[in-house]
Amino acid sequence: MSDLINVILLGIIEGITEFLPISSTGHLLIAEKFGLGARSDLFNVGIQAGAILAVTFIYWKRIWQLFTQWRDPANRDYLAKLFVAFMITAVLGFIVTHMGFKLPEAVTPIAWALVIGGIWMIGAERLAARQVDRTTVTWRVAILVGIAQIVAGVFPGTSRSAATIFTAMLAGTSNRAAATEFAFLVGIPTMYAATGYELLKVVKNDGVAHEDWTALIVGFIVSAIVAFIAVKWLLGYIRSHRFTPFAIYRIVLGIALLLLMPAGA
C-alpha cells in the first residue's frame, strides 16, 4: 500500500512538472532520493509518456488540422519543422545513449541545473520581450529546439519545456504562446519514441517479468490526468503572465538543495 502511494505521488509530480518549466526529471530524481524509492528507466520515461498523452488530447484539434490539411503550404511547412526538430533530437539522443550516458545519481548537479536554468530563464524572457512579437516558427528555431531537447535530457534539472520554449523565443518565435505550442508539439513524438525505445530495451534484455507493470500503469494514468489539468492551466496563464515565478521557484529550490545536501550528495 505504501509503495502504491509512492507511485501515485511520483505520477502527480511528473504530471505537474513535465510541462511547467521546472524540470520533471530533476523533480523525480529528487523525490526518489528523498524517500519515494528508485524506479526503472522505463517507469520514469513511461510516466512522462502519460503526461505527453495529456498534451496530445489538449492539442488534438491542432494535430488533426496539421495532418488532414497538409496540402496547405503553412501546415506542410510547420509539419516539416516539427519533423526536423524531432529527428535532430532522435539522432543526437541515439549518439548520446550509445556513448554510455546515464542520468546522475547525485542531487548536486540537478540543483545547479535548477539554479543556472532559473537565472537563464529570467534573462532569456527579458531579451525576448525586447523583440518584435513573432509567431512564425523559422528553420533556425526548429533546429535549435531539436538540440535544446537533447541538452535538457543530458542535464537533468534543465527542463525540456524550459529549454525548448526559451530557445524558440530567443531564436525568433518571440511570442510565448507560439513558442510553447511548438515546444509541446515537438515533445509529443519525442517522448513517445523515448518510451518505445526503453520498452524495446526491456523486452530485449528479458526484463518484462521483472518490471513492475502495475506501478507503471498507475503512474502513467495519474501522470496523464494531472498533466492535463496542469497544461490547461499553464496555457491560460502564459497569455497574460511571464515565466518569472517558475524561474524564482527553480532558483530557490536549487539553492535549498545545495545548502541541505552534503557536497557531492
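These numbers come from a predicted model, not from an experiment. Residue numbers restart at each chain and count upward from 1, following the sequence in its written direction. Owing to the predicted nature of the model, reporting of local features is limited to residues with pLDDT of at least 70; listing and counting of side-chain atom pairs is limited to 80 or more, with chain, interface and lining totals taken over all residues. Side-chain descriptors were evaluated using all non-hydrogen atoms of the structure, hydrogens and water having been removed beforehand.

Draft legend 1. A look at the packing of helix H6 (residues 108-129) against helix H11 (residues 244-260). Each axis is a line fitted through C-alpha atoms, taken for helices only over the stretch in contact, and angles between the N-to-C directions span 0 to 180 degrees. Put simply, DSSP H or I for four residues or longer makes a helix, DSSP E for two residues or longer makes a strand, and each gets a number counted from the N terminus. With their axes 8 Å apart at the nearest point, H6 and H11 run at an angle of 155 degrees to one another. Classed by the angle they form, the pair H6 and H11 counts as roughly antiparallel. Classified by chirality, the crossing of H11 by H6 is left-handed. Listed contacts from H11 to Thr-108, Ala-111, Trp-112, Ala-113, Leu-114, Val-115, Gly-117, Gly-118, Ile-119, Met-121, Ile-122 and Glu-125 of H6 are Thr-244, Phe-246, Ala-247, Arg-250, Ile-251, Leu-253, Gly-254, Ile-255, Leu-257 and Leu-258. Note on angle classes: values under 35 degrees are labelled roughly parallel, values over 145 roughly antiparallel, values of 65 to 115 roughly perpendicular, and the remainder oblique. In a left-handed crossing the near helix is turned counterclockwise from the far helix by less than a right angle, and in a right-handed crossing that turn is clockwise. We call two residues in contact whenever any of their non-hydrogen atoms come within 4.5 Å of each other.

Draft legend 2. Representation of the UniProt feature "transmembrane region" (unreviewed entry) in the protein in the model. UniProt positions are given in the numbering used here, feature names are shortened, and annotations may be inferred rather than shown by experiment. Taken from the UniProt record, the annotation "transmembrane region" (unreviewed entry) applies to residues 7-30, 42-60, 80-101, 107-125, 137-155, 213-235 and 247-264. Helix makes up 75% of residues 7-30 and strand 0%, with an end-to-end C-alpha separation of 14 Å. Secondary structure content for residues 213-235 is 100% helix and 0% strand, and the end C-alpha separation is 32 Å.

Draft legend 3. Representation of the pattern of salt bridges in the model. One side-chain nitrogen of Lys or Arg within 4 Å of one carboxyl oxygen of Asp or Glu is enough to make a salt bridge. Going through the model one piece at a time under the given rule, you end up with 5 salt bridges. Across the pair Lys-81 and Asp-77 runs a salt bridge whose closest N-O atoms are separated by 2.6 Å. Of this pair, Lys-81 and Asp-77 both sit in helix H5 (residues 73-98), 4 residues apart, which is roughly one turn of the helix. Residue classification places Lys-81 among the buried positions, given a relative accessible area of 6%. Partly exposed describes any residue whose relative accessible area lies between the buried limit of under 20% and the exposed limit of over 50%, with all areas from a 1.4 Å probe on protein chains only and scaled to the type maximum.

Draft legend 4. The arrangement of the environment of Glu-105 in detail. The residue Glu-105 is located in the loop between H5 and H6 in this model. Sequence separation between Glu-105 and Leu-258 is 153 residues; the distance between their C-alpha atoms is 15 Å.

Draft legend 5. Layout of the nonpolar core. The criterion is simple. A nonpolar core is a set of buried Ala, Val, Leu, Ile, Met, Phe, Trp, Tyr and Cys residues joined through side-chain atoms within 4.5 Å. Membership of the largest hydrophobic core comes to 45 residues, with the highest contact counts inside it found for Phe-182, Phe-184, Phe-243 and Phe-246. Contributing elements (two or more residues each) for this core: helix H3 (41-58), H5, H6, helix H7 (139-154), helix H8 (160-171), helix H9 (176-204), helix H10 (213-237) and H11. Take this core: its biggest share by element is 8 residues, from H9. Leaving out residues up to four positions away in the same chain, Phe-246 has contacts with Leu-20, Pro-21, Ile-22, Met-121, Trp-233, Leu-234 and Tyr-237.

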